[in-house]
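Geometric and topological summary
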Amino acid sequence: MSEARPATGDGPIILYDGVCGLCSRLSRFVLARDRAGRFRFAPLQGRLAGEILTRHGRDPRDLDTLYLVLDSGRPEEHLLRKSDAALWILRELGGPWRMAGALRVVPPALRDLGYDAVARIRYRLFGRYDSCPVPAPEHRGRFLDLGA
């Protein structure tokens, strides 16, 4: 396992619950469709995610939220969370996934109600790992802070 690497400028970083079966599936989904290799990943349980979330006034112990870090390590760095993060990711994947952007007409508070409902039961529906799964060798370079 590698140590945390600085996260600067190499593309958006998806901060995900490293032991969640649904989040693991999300990572594999993005990896399979991100032909340009733009997205990087870091588990919420890791040091890197903790540093980023603390910088933005978020609780690093909140494992129920998907975050997307844009412009990482730059003065304009910012976070998207929950449904905003998911919709941004889908839009960037292109193809038919862009159509998910139509959901942006739904108010974020309403979208996030649905997000929170799934987050509460995700372990029951999709399982939970004892530790963060190690990605396939061809994708390891896109995962930051694997020592989580």
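Now for a quick tour of the structure. (Residues numbered from 1 in each chain as written. Predicted model: local features only at pLDDT ≥ 70, side-chain atom pairs only at ≥ 80, totals over all residues. Heavy atoms only, no water.)

1. Description of unusual backbone geometry
In this model, Asp 71 sits at a positive phi of 55 degrees, which is unusual for a non-glycine residue. A relative accessible area of 29% means that Asp 71 is categorised as partly exposed. In the Ramachandran plot, Lys 82 falls in the positive-phi region, its phi being about 50 degrees despite a non-glycine side chain. (Buried < 20%, exposed > 50% of the residue type's maximum accessible area, 1.4 Å probe, protein only.)

2. Quick notes on the environment of Ser 24
With respect to the secondary-structure elements, Ser 24 resides in helix H1 (residues 21–33). When the C-alpha atoms of Ser 24 and Tyr 129 are compared, they prove to be 9.5 Å apart, with 105 residues separating the residues in sequence. Ignoring any residue separated from it by four or fewer positions in sequence, one finds Ser 24 in contact with Tyr 129 and Pro 133. Side-chain polar atoms of Ser 24 contact the side chain of Arg 28, separated by 2.9 Å. (Helix = DSSP H or I, 4+ residues; strand = E, 2+ residues; numbered from the N terminus. Contact = heavy atoms within 4.5 Å. Polar contact = N/O pair within 3.5 Å; in protein donor to acceptor, adjacent residues only side chain to side chain.)

3. Comments concerning the pattern of salt bridges
A pair can form between side chains of opposite charge whenever their charged atoms are brought close. Taken as a whole and assessed by the stated rule, the structure comprises twelve salt bridges. Taking the shortest distance from any N to any O, the salt bridge between Arg 61 and Asp 59 comes out at 3.0 Å. Lys 82 is the salt-bridge partner of Asp 116, the closest N and O atoms lying 2.8 Å from each other. A residue pair is termed long-range when its members are at least 10 positions apart, and Asp 116 in helix H4 (residues 108–126) and Lys 82 in helix H3 (residues 82–93) qualify at 34 residues. The structure contains a network of salt bridges with shared partners spanning Asp 17, Asp 64 and Arg 122. (Salt bridge = Lys/Arg side-chain N within 4 Å of Asp/Glu carboxyl O.)

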